[in-house]
Amino acid sequence: MTNKWGGRTSERGQGLVLGLLLGGTGQTKKPGRDGPTDNLLDIDAYIEQARQAERGKIHTIFLADALVTSETAPKPGLEPVTLLSALAARTSRIGLIGSISTSFTEPYNLARQVLSLDHISGGRAGWNLVTSSAGEKNFGKPLPAHDDRYAIAEEFAGVVQALWESWERDAVTYDDSGRQRVDARKVHRIDWSSRHFSVQGPLNVSRSPQDKPILAQAGSSAEGRQLGARIADVIFTTGLTETEPSIEIYRDFKQRASAFGRSPDAIKILPGVAPVIGSTDEEARRFWRNVIDDIDFEEGRKSLASQFGGVDFEGIDLDAPIPVAELPQTAKVEGRRSRFGVFRDLIESGKVRTVRDLIIYHSSGAGHWFPIGSVENIADQLQDRYERGATDGFNFLAFTLKYELGLSALTEHLIPELQRRGIFHHDYQHETLRQNLGV
C-alpha cells in the first residue's frame, strides 16, 4: 500500500522508534539568559524530563557525554551511568542509553557498569559506543588516530558482548524459599585475546533481563558505518536537512548489515531532529527567531572550533564568507569526522555561507535537521521521511527547554499527532527495551 508520497504506509514494521537526547539544548546563549533548567547538575530537572518522555511513550532517553570541558567556556555535567542509575529508580518503562568511550575505559569495567544498570532498571539499559576525539591529557594515554580508534572499538565491543554472555540464561535459579543458587557449570571464562585486549572473565554480574543490553553507536564516517552495521542494535546519525541523502545513508547502513549476514531489521537507524513547533507555521518561525536572538555569537565561534578540526574562526568577520579552501578535507579530520563532513557539505553547496549562518545552523539543532512549522507540518515531514525509507524513527533534541518549544511541544502535541496517524505506538508493549525496540 502506498501513501500520497508514493512511499510505504504505516503498515511498515512496528511504527516509528523515538528517542530523546536528555539534558541540554543546541543554543549558545548570551550571558545572563540561562534559566534553572539549564543547570546540567539538577537531578530533579532530569527526572522530570525522563518522566515526561515516559508519559509520551518515547522508547528511550539518550545521554551524550564529553570527557573534557572547554577551558574558555567550562560547563559542568554528570557522568552518564551514575545519572541513568538515578533515573532508573524514578521511571518504569522508558529505555536508558548512555555514552561511554572505548578510548578511555576498560571493557570489563564498562560491561559491569552497563549490565548493573540493566539489572537496576529491569532490562531497560543500553550503551552508546563512542570513540572520543579528546581526553588524552586527562587520562594519561595517547588518543589513537581516527581509523585506529574504530578498530580498537570493534575489539572492545566484542569483549563487552562476550562478558555479557559469560553467564548462561539459567545460571541463576531460586528455590521455594527464595534462596539464590548459582550453577558454576553455567558461568564461563571468555579467555579473550586479541591485539588490544586480554580478558579472562567471567563477568561478576549475571545475565541481563533482556538477554543483553542494547548496543547503540553514533558515527556515520565510513569506519563508523562499518562498525555500526556489524555490531549495533541502534544507530544514532546526524539528521540531514535534505531527504534524499538521508535515504542514501539509511540504505547504506542496511546494505552493510546484510553484507555482515544480519537482517536489515536488526538495526534501527535514528537520525537527530530538533523540531521548532508552533500552533501555526508563522508562530513556529517567530519562536525560532526569538531563540536565535539569544545566541552569543562569540561563544558560538569557540564551539565551532571543536567541530572543525581546530579551525580558528576568531579572525573572520561574522558576515564574511567562510574560506572553504582553508578547511581541512573531511578524511583528514581526527575528531568528529562525520559531523564535520555535514558542515563542510553545507558550506560547499552554498546553503551556509557566512560564519553567522554557520553558528545559527549549529545552535539551532547542534548540527541536526531542525524543521520549523506547525504540529501538522512537522508531523507531515517526519512521516514523509519514515514512509520514504529514510529512517526507522528519530532521536529528538528539544530545540529549547522553554515550555512552548521544547519537550512539552513534543510530548503534548507532536506525539499525539503521530499516534493519531497510526505511525507511533500508544503505549509500551513490553517490559524490556530490547523488546520495545523490536531488535
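Residues numbered from 1 in each chain as written. Predicted model: local features only at pLDDT ≥ 70, side-chain atom pairs only at ≥ 80, totals over all residues. Heavy atoms only, no water.

- For the protein, the name recorded in an unreviewed UniProt entry is FMN-dependent oxidoreductase (Nitrilotriacetate monooxygenase family), with Shinella granuli as its organism.
- For the record of the protein, the UniProt heading Sequence similarities (unreviewed entry) holds the text "Belongs to the NtaA/SnaA/DszA monooxygenase family." (UniProt positions renumbered as here; feature names shortened; annotations may be inferred.)

**Quick word on the pattern of salt bridges**
Here is step 1 of the chain: For the structure on display, the rule yields 25 salt bridges.
Here is step 2 of the chain: Notably, a salt bridge pairs Asp211 with Arg169, separated by 2.9 Å at the nearest N-O pair. A residue pair is termed long-range when its members are at least 10 positions apart, and Asp211 in the loop between β8 (198-199) and β9 (214-218) and Arg169 in the loop between α5 (146-164) and β5 (172-174) qualify at 42 residues.
Here is step 3 of the chain: Judged by its relative accessible area of 24%, Asp211 is partly exposed.
Here is step 4 of the chain: Taking the shortest distance from any N to any O, the salt bridge between Glu244 and Arg388 comes out at 2.3 Å. With Glu244 in helix α7 (residues 243-259) and Arg388 in the loop between α12 (375-387) and β14 (393-397), the pair connects residues that are 144 residues apart, well separated along the chain.
Here is step 5 of the chain: Several salt bridges converge on common partners, so that one network encompasses Asp380, Glu417, Arg420 and Arg421. (Salt bridge = Lys/Arg side-chain N within 4 Å of Asp/Glu carboxyl O. Helix = DSSP H or I, 4+ residues; strand = E, 2+ residues; numbered from the N terminus. Buried < 20%, exposed > 50% of the residue type's maximum accessible area, 1.4 Å probe, protein only.)

**Some details on the packing of helix α2 (residues 80-88) against helix α3 (residues 107-121)**
Here is step 1 of the chain: Between α2 and α3, the least distance of the axes is 9 Å, while the angle of their chain directions is 10°. In terms of orientation, α2 and α3 fall into the roughly parallel class. Along its contact with α2, which presents Val81, Leu84, Ser85 and Ala88, the element α3 presents Gln113, Leu117, Ile120 and Ser121. (Axes fitted to C-alpha atoms, helices over the stretch in contact; angles between N-to-C directions. Parallel < 35°, antiparallel > 145°, perpendicular 65-115°, else oblique. Contact = heavy atoms within 4.5 Å.)

**Describing the UniProt feature "binding site: FMN" (unreviewed entry) in the protein**
Here is step 1 of the chain: Here, the residues flagged by UniProt with the feature "binding site: FMN" (unreviewed entry) are Asp65, His146, Tyr150, Ser220 and Ser221.
Here is step 2 of the chain: The class of Ser221 is buried, set by a relative accessible area of 7%.

**Some remarks on a nonpolar patch on the surface**
Here is step 1 of the chain: On the surface, a cluster of nonpolar side chains totalling about 210 Å² of accessible area is made up of Leu67, Val68 and Phe139.
Here is step 2 of the chain: On the basis of relative accessible area, Val68 is assigned to the partly exposed category, the value being 35%. (Patch = residues over 30% accessible without salt bridge, like charges linked within 9 Å, V, L, I, M, F, W, Y side chains within 5 Å. Areas by Shrake-Rupley, 256 points an atom, 1.4 Å probe, with all protein chains shown as cover.)

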